[in-house]
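Chain by chain, the residues run as shown.
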Amino acid sequence: MDIKRVAIDAVNETIVLNVVHMDYKGQVAKRINEKMPLATVKGFRKGQVPKDLVEKQYGKAIKQEEVKKVVDLALERFVQSERLNLLGTPLAKENENFDWDAEELTFEYEIGLVPNFEIDLEAKNNIVKYIVTADDKLIDGQVERIQKQFGKAIPQEVVSADSDLTGTFSNEEKGINNTTTISLSTFNKTAGDKFIGKKVGDVVAVSTKGLFEDDHQLMDYLKVSHDDVHGLDIEVNFTIEAINGAELAELNQELFDKLFGEGKVASLEDLKSKIKEDAEAQFAQQADQKLLLDVQDFLIESTKFDLPAEFLKKWLQTVGEKKLSAEEAEVEYARSEKGLRFQLIEGKAMAQSNIQITFDDLKAFTTNAIKQQMAQFGQTNPTDEEVQGIVARVLSNQEEVKRLSEQVVAEKLLELFKEKANPTTKEVTYEEFIAASYGE
């Protein structure tokens, strides 16, 4: 068999395989012999059919099957031996005039190659690393929310500015149907004003765009996925099911112990310090996520390389349980191109900086995540045996391993980007951070 690569451009090639009779005749003959005792042809007893009739009835199908096996194996080995870094998998080129009776059979496969490019993590940029602080306004608001949460609910006839509402957000098209309790002050002013004077049973329509100070709150109150929250602009209905005011809880030791454990908070000053500490830890995570996204966007924009776009669109039509039309593949490629570009950039960044993910990295990350989750549910001092038992169960699930590995990669890349990209550091309040993140 003769196999060769034919270059079209830097990211597109064709693999040509020429198959001759010697490549498959032995296996075809073996299959014919195996078929003879089982062959049935009218006028002959089973097992007594002449070989030429068996070949005539079954030979073409057997030949095609065996040639396909030979070609598939040869193609696989060739890709490995040439160390081809492919995007997608080889696609057989259609040939309407293909002749299975020819002495030499020629098969052609299109392939798309990973482009060759370099990235400059230290290139000049305008990326900002935000240090988000919890100001007095935010802290005082959180103290009030705690007092309302643990205070006494007082039913109200109509909605007022200080009301808490229980009701259901719904949007049939987006599959939103979530019952929640929310303070009127949580909405932006425009949306909040729509509720004033409403009663139980009333339905209020609001837009999700700018509905909350932080778009991430859509995840909590509407149960919208993280991928959908940014820039979501649809109308949702809120059906009011209960209206309550609140008699604020007293800020005393009993409440402090209930919230944080015995003796850990002893005064309003301690409470505010704890709120500030917890809030800024959460803000740091959000700021890191924004930094990662901003670096991703910068690298995608500044790192230029060609993709085998037309090949990938054709390949997308062939993969998955549901075959895509050419138009559907075009849409899918447009949707996924940015992610593919960053996936390649990410791999290059890891290779250039010799970043590797070990099992110890994965285990340490999972252990920390489990401890954080347990702390959220009040288990602040779990034993090492308890934690490692959960870690072992989590890491026995391949889907979880994949998900956690992606998070470990993101964490390592974030540290790399902080070091190499040299972003400008800027201290802001949470309101300023939200405005910088979403342009509000």
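Please refer to the structure higher up on the page.
Keep in mind it's a predicted model, so treat the numbers as computed, not measured.

(A) Expanded view of the overall build of the chain. Counting secondary structure elements, the chain contains 14 helices and eleven strands. In terms of overall dimensions, the chain is more spread out than a globule: its C-alpha atoms have a radius of gyration of 32 Å, far above the 22 Å expected for 440 residues. Each principal axis of the C-alpha distribution contributes one length, and for the chain these read about 100 × 55 × 50 Å. When burial is assessed residue by residue, the chain has 36% of its 440 residues classed as buried. Relative to all contacts within the chain whose residues are 6 or more apart in sequence, the contacts with residues 24 or more apart total 71%. Carbon and sulfur atoms make up 47% of the accessible area of the chain, which amounts to about 26900 Å² in all.

(B) Region of the structure containing the packing of aromatic side chains. Going through the model one piece at a time under the given rule, you end up with 13 aromatic pairs. Where Phe98 meets Trp100, the ring centres are 5.0 Å apart and the plane angle is 70 degrees; that geometry is what we call edge-to-face. When the centroid spacing of 4.3 Å and the interplanar angle of 15 degrees are considered together, the rings of Phe283 and Tyr430 count as stacked. With Phe283 in helix α8 (residues 268-302) and Tyr430 in helix α14 (residues 430-438), the pair connects residues that are 147 residues apart, well separated along the chain. In this structure Tyr430 comes out as buried when scored by relative accessible area, which is 8%. Taken together, the ring pairs connect Phe169, Phe187, Phe195, Phe212, Tyr221 and Phe238 into an aromatic cluster.

(C) Highlighting helix α7 (residues 253-260). Within α7, burial applies to Leu255, Phe256 and Phe260. Viewed along the axis of α7, the buried residues span an arc of 105 degrees, placing them on a single side of the element. Turned more than 90 degrees away from the buried face of α7, the exposed residues are Glu254 and Lys258. On its buried face, α7 sits against α3 (136-149) and α8. Just past α7, the residue Gly261 takes up positive phi, approximately 100 degrees.

(D) Region of interest: the packing of helix α1 (residues 25-35) against helix α2 (residues 51-81). Interhelical geometry of α1 versus α2 gives an angle of 135 degrees and a closest axis separation of 9 Å. The pairing of α1 with α2 is recorded here as oblique in orientation. Considering only the axes of α1 and α2, their crossing is right-handed. Residues Gln27, Val28, Arg31, Ile32, Asn33 and Lys35 of α1 lie in contact with α2, whose contacting residues are Lys51, Val54, Glu55, Tyr58, Gly59, Ile62, Lys63, Glu65, Glu66 and Lys69. Tallied by class, residues from the contact of α1 with α2 come to five nonpolar, three polar and eight charged.

(E) Representation of unusual backbone geometry in the model. Of note in the backbone geometry, Asn354 takes a positive phi value of approximately 55 degrees without being a glycine. Here Asn354 shows up in the loop between α10 (326-352) and α11 (359-376). Even without being a glycine, Asn422 presents a positive backbone phi close to 50 degrees. Here Asn422 lies in the loop between α13 (398-420) and β11 (424-429).

(F) Here's a closer look at the sheet that holds strand β1 (residues 2-9). The four strands lie next to each other as β1-β2-β4-β3, forming an open sheet whose pairing is antiparallel. For this open sheet the edge positions go to β1 and β3 (86-92), each flanked by a neighbour on one side alone. Strand-to-strand twist of the sheet, defined as the mean angle between neighbouring strand axes without regard to direction, takes the value 20 degrees. Taken together, the nine bridges between strand β2 (residues 12-20) and strand β4 (residues 104-113) define a ladder with antiparallel strand orientation. Looking across to β4, one finds that Asn12 is bridged to Gly112. Of the strands in this sheet, β2, β3 and β4 are in contact with helix α9 (residues 309-316), which crosses β3 at around 65 degrees.

(G) Local environment of the pattern of salt bridges. For the structure on display, the rule yields 26 salt bridges. Of the charged contacts, one joins Lys290 and Asp294 as a salt bridge, the two residues approaching to 3.1 Å between their closest N and O atoms. With Lys290 and Asp294 both in helix α8, this residue pair falls four residues apart, about one helical turn. On the basis of relative accessibility, which here comes to 15%, the residue Lys290 falls in the buried class.

Conventions used here
Residues numbered from 1 in each chain as written. Predicted model: local features only at pLDDT ≥ 70, side-chain atom pairs only at ≥ 80, totals over all residues. Heavy atoms only, no water. Helix = DSSP H or I, 4+ residues; strand = E, 2+ residues; numbered from the N terminus. Rg over C-alpha atoms; globule rule 2.2 N^0.38 Å. Buried < 20%, exposed > 50% of the residue type's maximum accessible area, 1.4 Å probe, protein only. Contact = heavy atoms within 4.5 Å. Areas by Shrake-Rupley, 256 points an atom, 1.4 Å probe, with all protein chains shown as cover. Phe/Tyr/Trp six-rings, centres within 6.5 Å; stacked < 30°, edge-to-face > 60°. Arc of directions from axis to C-beta. Axes fitted to C-alpha atoms, helices over the stretch in contact; angles between N-to-C directions. Parallel < 35°, antiparallel > 145°, perpendicular 65-115°, else oblique. Left-handed = near helix turned anticlockwise from the far one by under 90°. Nonpolar A, V, L, I, M, F, W, Y, C, P; charged D, E, K, R; others polar. Pairing = 2+ DSSP bridges. Salt bridge = Lys/Arg side-chain N within 4 Å of Asp/Glu carboxyl O.

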